[in-house]
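# Geometric and topological summary
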Amino acid sequence: VQLVESGGGLVQPGGSLRLSCVASGFTFSAYAMSWFRQAPGKERELVAIITSTGGSTNYADSVKGRFTISRDNGKNTVYLQMNSLKPDDTAVYYCNWRLAWGQGTQVTVSA
């Protein structure tokens, strides 16, 4: 199993980023996928989850209305569109499937 995230970077408050996670080694289309994040000195927290078909999603209260999780089963890819970013969104963002984690991608929101 391999999960490879990309798309992080430095963005100003109010800006947007789209994270991508390409999965391999399992039947991607059969499983729910999640995004987590971990800020310095804090525990890793669930940000968003999407069902196998993409028909249902759920979000942490802190990102509702600003972040959107989606997936393309033809490309074995899950996305996290992040809008109206805040400094509190600064963290390493991880793609997750069961016990498998990607290497993470750093998102820094700063003026």
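Here is a short report on the structure shown in this document. (Residues numbered from 1 in each chain as written. Predicted model: local features only at pLDDT ≥ 70, side-chain atom pairs only at ≥ 80, totals over all residues. Heavy atoms only, no water.)

## Brief notes about the pairing of strand E9 (residues 91-97)
Taken across its seven residues, E9 has six buried, putting it largely inside the fold. Bridging between strand E4 (residues 33-38) and E9 involves five bridges; their strand directions are antiparallel. Note on E9: the bridge partner recorded for Trp-35 is Cys-95. In this structure, E9 lies alongside strand E11 (residues 105-109), joined through three bridges in antiparallel fashion. (Buried < 20%, exposed > 50% of the residue type's maximum accessible area, 1.4 Å probe, protein only. Helix = DSSP H or I, 4+ residues; strand = E, 2+ residues; numbered from the N terminus. Pairing = 2+ DSSP bridges.)

## Things to note about the state of the cysteines
Under the defined criterion, the tally for this structure stands at one disulfide. Linked covalently through their sulfurs, Cys-21 and Cys-95 form a disulfide whose S-S length is 2.2 Å. One disulfide, between Cys-21 and Cys-95, carries an S-S torsion of -80° and so falls in the left-handed class. Placement of the pair is Cys-21 in strand E3 (residues 17-24) and Cys-95 in strand E9, with a sequence separation of 74 residues. (Disulfide = S-S within 2.5 Å.)

## Quick notes on the nonpolar core
Core analysis: the largest hydrophobic core is formed by 30 residues, its most contacted members being Leu-3, Met-33, Trp-35, Val-78, Leu-80, Met-82 and Tyr-93. Residue assignment for this core shows that the elements contributing at least two residues are E3, E4, strand E5 (45-50), strand E7 (67-72), strand E8 (77-82), E9 and E11. (Core = buried A, V, L, I, M, F, W, Y, C linked by side-chain atoms within 4.5 Å.)

## Points about the pattern of salt bridges
In total, this model carries four salt bridges according to the counting rule given. With its nearest N and O atoms 2.6 Å apart, the salt bridge here joins Glu-45 to Arg-37. The class for Glu-45 is partly exposed, based on a relative accessible area of 34%. The closest approach of N and O atoms between Arg-37 and Asp-89, which form a salt bridge, is 2.9 Å. You can see Arg-37 sitting in strand E4 and its partner Asp-89 sitting in the loop between E8 and E9, a full 52 residues away along the chain. (Salt bridge = Lys/Arg side-chain N within 4 Å of Asp/Glu carboxyl O.)

## Here we look at the environment of Ala-60
One can find Ala-60 in the loop between strand E6 (57-59) and E7. In the structure, Ala-60 is positioned 24 residues away from Phe-36 in sequence and 9.8 Å away in space, judged by C-alpha atoms.

## Considerations on the layout of surface pockets
Roughly 150 Å³ of volume is contained in the largest pocket. Around the largest pocket, the lining residues are Arg-37, Gln-38, Ala-39, Pro-40, Lys-42, Glu-43, Glu-45, Pro-87, Asp-88, Thr-90 and Ala-91. Among the residues making up the lining of the largest pocket, the classes are represented as four nonpolar, two polar and five charged. (1 Å grid on protein atoms, 1.4 Å probe; cavity = no way out; pocket = protein on both sides within 12 Å on 5 of 7 lines; lining within 4 Å. Points joined across faces, edges and corners; volume = space filled by probe spheres on them. Nonpolar A, V, L, I, M, F, W, Y, C, P; charged D, E, K, R; others polar.)

## Side note on the side chain of Arg-37
Judged by its relative accessible area of 6%, Arg-37 is buried. There is a polar contact of 2.6 Å between the side chain of Arg-37 and the side chain of Glu-45. Within the local environment of Arg-37, its side chain forms a polar contact with the side chain of Asp-89, the two groups lying 2.9 Å apart. Among residues more than four places away in sequence, those in contact with Arg-37 are Glu-43, Arg-44, Glu-45, Val-47, Ser-62, Val-63, Phe-67, Asp-88, Asp-89, Ala-91, Val-92 and Tyr-93. (Polar contact = N/O pair within 3.5 Å; in protein donor to acceptor, adjacent residues only side chain to side chain. Contact = heavy atoms within 4.5 Å.)

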